[in-house]
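Examining the three-dimensional arrangement
One-letter residues, chain by chain:
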Amino acid sequence: MKPLLEVKDVCLSYHTLSGETPALSHISFDLMPGEFLAIVGPSGCGKSTLLNLICGLLTAEQGSILMDGVPVTRGNARIGYMLQKDYLLEWRSIYKNVLLGLEIRHELTPEKLSYIEEMLTAYGLDKFRNARPSQLSGGMRQRAALIRTLALKPDLLLLDEPFSALDYQTRLHVSDDIGRILSKAHKPAILVTHDISEAISMADRVVILSRRPATVQRIVPIDLGLTARTPLASRNAPGFKTYFNLIWKELNKNA
């Protein structure tokens, strides 16, 4: 099976009047179809920068990023990007918010409208379709943001710390919901997170980045031996603590 995404020897530096700041150094990894990858690393090491490169918002100075063998470009409709904030528009209802991406792309087809109806019902938002974002909890807002992203039917989903603004209990429930949603849809995803437990509970592999300029320090395959794996079930698996300690030690090698 060929990789869906290939990140090959990617380097990037930031350039200012005061000089050059290397951000990413010779980053390489791949993502297989249907795989969930998590990226962890020290604060400021360039995790979000890497997602911006993958979706084409930035261009690598060296190396290549290929999706099905083709270089990624800015505005690639095959890639969905879910940010830290939900960016729901208060003057639009929840239903109108989830339609926004389709409106912008002029893709309000009967098929995709039907798909949105299915997701609103499946994820418990149908009764809140006419509500304003401020009337919903943080977890419900994130579900709405996810539906808005999935409505475009991307082949790859990028998640940039989408649960970081939620309280701990809500964060656990929403990450479990989203994990189930992506698993059911067989949607490949890349999650950037500071939370080691979150990475282990959701990902098939965890990419550990070093301090800036970031390199791939280690890639850890996650096998918790669960037949019906969910993020919440993963946290209770016997091997969870072992993976946590391993990744913790890797992150603190050069602290």
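Refer to the preceding data block for the structure.
Just so it is clear, the model here is predicted, and its values are computed rather than measured.

As a further point, take the pairing of strand E10 (residues 216–221). As defined by bridge partners, strand E9 (residues 205–209) adjoins E10 across 5 bridges and the pair is classed as antiparallel. Its bridge partner being in E10, Arg 205 is matched across the sheet by Pro 221. What sits between the antiparallel neighbours E9 and E10 is a turn of 6 residues.

Strand order in the open sheet formed by 4 strands is E2-E1-E4-E5, with antiparallel pairing between adjacent strands. Of all the strands in the sheet, the pair left with one neighbour each is strand E2 (19–31) and strand E5 (70–71).

This paragraph deals with the packing of helix H5 (residues 138–150) against helix H6 (residues 168–185). Close contact between H5 and H6 brings their axes to 10 Å; oriented N to C, the two are set at 25 degrees. The orientation of H5 relative to H6 falls into the category roughly parallel. Crossing hand, H5 versus H6: right-handed. Of H6, the residues touching H5 (which contributes Gly 139, Gln 142, Arg 143, Leu 146 and Leu 150) are Thr 170, Val 174, Asp 177, Ile 178, Ile 181 and Leu 182. Residues of the contact of H5 with H6, tallied by class, amount to 6 nonpolar, 3 polar and 2 charged.

Summed over all chains, the structure comprises 14 salt bridges. If you follow the salt bridges from partner to partner, you end up with Asp 30, Glu 35 and Arg 205 in one network.

This paragraph deals with the pairing of strand E4 (residues 62–67). As defined by bridge partners, strand E1 (residues 5–16) adjoins E4 across 5 bridges and the pair is classed as antiparallel. If you follow Cys 11 over to E4, its bridge partner there is Gln 62. Sheet topology note: the E4/E5 ladder contains 2 bridges and is antiparallel. Bridging from a neighbouring strand, Leu 66 pairs with Pro 71 of E5. Between E4 and E5, which pair antiparallel in sequence order, lie 2 residues; one of them, Asp 68, sits at a positive phi of approximately 55 degrees.

The rules behind the values
Residues numbered from 1 in each chain as written. Predicted model: local features only at pLDDT ≥ 70, side-chain atom pairs only at ≥ 80, totals over all residues. Heavy atoms only, no water. Pairing = 2+ DSSP bridges. Helix = DSSP H or I, 4+ residues; strand = E, 2+ residues; numbered from the N terminus. Axes fitted to C-alpha atoms, helices over the stretch in contact; angles between N-to-C directions. Parallel < 35°, antiparallel > 145°, perpendicular 65-115°, else oblique. Left-handed = near helix turned anticlockwise from the far one by under 90°. Contact = heavy atoms within 4.5 Å. Nonpolar A, V, L, I, M, F, W, Y, C, P; charged D, E, K, R; others polar. Salt bridge = Lys/Arg side-chain N within 4 Å of Asp/Glu carboxyl O.

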